[in-house]
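# Understanding the architecture of this molecule
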Amino acid sequence: MPNSPSDSDRPRRIRVQHRGPLLVEGPVEVELEDGSTVVSDRFRVALCTCRRSRRYPWCDTSHRERTRS
Amino acid sequence: MDHDRREPPLPSARGPVSAAVQEYLLGAGPLPRHEAVAGADVYGDDLQLALYICYELHYRGFSGVSSELEWDPALLRTRAVLEHRFLSALRTDTPVHDSVEDALAGLLVEPVDGTGLSHFLSKEGELRHVREYAAQRSLYHLKEADPHAWVLPRLWGRAKAGMAAVEFDEFGGGRPDRVHAHLFAELMTDLGLDTTYGYYLEAACAEMLATVNLMSLLGLHRSLRGALVGHFAAVEITSSPGSRRLAEAMRRTGAGPAAEHFYDEHVEADAVHEQVVRHEVIGGLLAEEPHLAPDVAFGIDVTGLVEDRLAERLLRDWTDGRSSLRTRSLSEIHHIS
């Protein structure tokens, strides 16, 4: 699993996408603009980059294109 | 004979096919005749329940039924006939996209004027609708992610690692109090529902049985591993926005903190799972086995078909002022404290 000891021997990988969240190997601690911190110990964490998430800093898929059916 | 009395009771039969399967399991009669299976409505209560009962032997079984019957050759032959009818109908009725990319693209946009179940529940659902929805869905959520675990030995490399990581998260990341099935049981407690595994099988409609039968079908057959992966991707991609609406429904109806938490957790978890399933599981599988692309697309699109059928059924019943459950309305059985 991502939390195995060997993980500490290499840099933490972050996956960048053109449209979508940053994917970071967990666990992570995020410091927000007001100085508070939030923690996620999920194996991987999706960090919002579009700032539309209602659960910021975590992605809630609000970046998705909205269409009229 | 190995009888496990802690297991759920067999549900009442819904026609000649499910009645014969039941009697066979109890050692009281022969399996259904070929003509009975051929004549049953493929999406109807009788055939779907018969198939559900056959599959349930691979999960937790039934009280009074020998666990050895899971691998009974005659029963497996009958199950194969039921499966053949179900899968043939699904293949005929599902419009499948030409490519995996096209199938996924349709799920990666959010309609501003959506009309599905979660839209209804978030906007105008009442507590009774929310409770009914949870009772129906409990057939899956009390074994959440179990059918998908069967695909793990059929995957390699990236696809296996990605699938196992998502399943690990579904199963609580090593913590029993975070297992998603456990979180759903807590939601049910908030709603005054019975959390006993299999309790609402008696009440669930055929359309709900079909959604779980699809998962079991795809999970149990190695030949359908591509479709299982596509199905899982469709569930994870649509879950996050759907769960946000369902969390709103729980808040608006005052369902309770555990009920809200179940869907809040899925908003966040499935925003991650969606990425892992698309990039690692589908990407990894198709890098190894590119010939499975049409099956992956089928798995994505067939999930939409069975989910749409369930939504239509529930919304039609609710619009007409009926319960979607087969047994008496929930309010007559349980009272919310």
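The structure displayed is predicted, hence computed values, not measured ones.

## Thoughts on the pattern of salt bridges
Taken as a whole and assessed by the stated rule, the structure comprises 30 salt bridges over all chains. The shortest N-O distance in the salt bridge between R175 of chain B and D41 of chain A comes to 3.5 Å. Taken together, the positions of R175 of chain B in the loop between α9 (157–170) and α10 (180–190) and D41 of chain A in the loop between β4 (37–40) and β5 (44–47) put the pair across two chains. Take R175 of chain B: its relative accessible area is 32%, and that puts it in the partly exposed class. A relative accessible area of 37% means that D41 of chain A is categorised as partly exposed. Ionic pairing is found between R322 of chain B and D320 of chain B, a salt bridge with its closest N-O pair at 3.5 Å. R322 of chain B gets classed as partly exposed once you look at its relative accessible area, which sits at 39%. By relative accessible area, which is 49% here, D320 of chain B ends up partly exposed.

## A short note on the environment of P153 of chain B
Position of P153 of chain B relative to the elements: it lies in the loop between α8 (146–149) and α9. Along the backbone, P153 of chain B and R222 of chain B are 69 residues apart, and their C-alpha atoms lie at a distance of 9.0 Å.

## Topic: the interface of chain B and chain A
Listed per partner, the contact involves 31 residues of chain B and 23 residues of chain A. In total, about 2500 Å² of surface goes out of reach between chain B and chain A, with carbon and sulfur atoms giving 49% of it. Inspection of the region where chain B meets chain A yields 10 salt bridges. Between R42 of chain A and D169 of chain B there is a salt bridge; the shortest N-O distance is 2.7 Å. At the boundary of chain B with chain A, the tally comes to 13 residue pairs in polar contact (both at pLDDT 80 or more). Sorting the residues of the side of chain B that touches chain A by element identifies β1 (109–111), α9, α12 (225–252) and α13 (257–288) of chain B as the ones contributing at least two each. Sort the elements by how many residues they give to the side of chain B that touches chain A and α13 of chain B lands first, with 13 residues. In the side of chain B that touches chain A, the residues fall into 15 nonpolar, four polar and 12 charged. Relative to β1 of chain B, strand β6 (residues 65–67) of chain A runs parallel, the two being bridged by three bridges. Across the sheet, E65 of chain A pairs through a bridge with V109 of chain B, a residue of β1 of chain B.

## Details of the domain arrangement of chain B
Residue and element names in this part refer to chain B. According to the domain assignment, chain B consists of domain 1 (16–93) and domain 2 (100–333). The gap between the C-alpha centroids of domain 1 and domain 2 is 24 Å. Across the boundary between the two partners, domain 1 contributes 20 residues, which contact 27 residues of domain 2. Run the count over domain 1 and domain 2 and you get two salt bridges. In this structure, R326 and D45 form a salt bridge, with 3.5 Å as the shortest nitrogen-oxygen distance. Our count for the contact surface shared by domain 1 and domain 2 stands at eight residue pairs in polar contact (both at pLDDT 80 or more). Every element with two or more residues in the side of domain 1 that touches domain 2 is listed here: α3 (45–56) and α4 (73–93). For the side of domain 1 that touches domain 2, the class distribution of residues is 10 nonpolar, three polar and seven charged.

Definitions and cut-offs
- Sequence order as written defines the numbering, with residues in each chain counted from 1.
- Chains and ligands are labelled by the order in which they are written, letters from A for the one and numbers from 1 for the other.
- The model is predicted, so local features are restricted to residues of pLDDT at least 70 and side-chain atom pairs to those at 80 or more, both for listing and for counting; the totals for chains, interfaces and linings are taken over all residues.
- With hydrogens and water set aside, each side-chain value is computed from the structure's full complement of heavy atoms.
- Whenever Lys or Arg places a side-chain nitrogen within 4 Å of a carboxyl oxygen from Asp or Glu, that contact is recorded as a salt bridge.
- Secondary structure elements follow DSSP: runs of H or I of four or more residues count as helices, runs of E of two or more count as strands, with numbering from the N terminus.
- For every residue, the accessible area (1.4 Å probe, protein chains only) is compared with the maximum for its type, and the residue is labelled buried under 20%, exposed over 50%, or partly exposed between those bounds.
- By definition, residues are in contact when any of their heavy atoms lie within 4.5 Å.
- Once two parts are brought into contact, the accessible area they lose, counted with a 1.4 Å probe and summed over both, makes up the buried area.
- Polar contact criterion, stated in full: a pair of N or O atoms within 3.5 Å, where within protein one must be able to donate a hydrogen and the other to accept it, and residues adjacent in sequence count only if both atoms are side-chain atoms.
- Here the nonpolar group is Ala, Val, Leu, Ile, Met, Phe, Trp, Tyr, Cys and Pro; Asp, Glu, Lys and Arg are the charged ones; every other residue, Gly included, is treated as polar.
- We treat two strands as partners when DSSP finds at least two bridges between them.
- These domain boundaries are the output of an automatic or database domain assignment.

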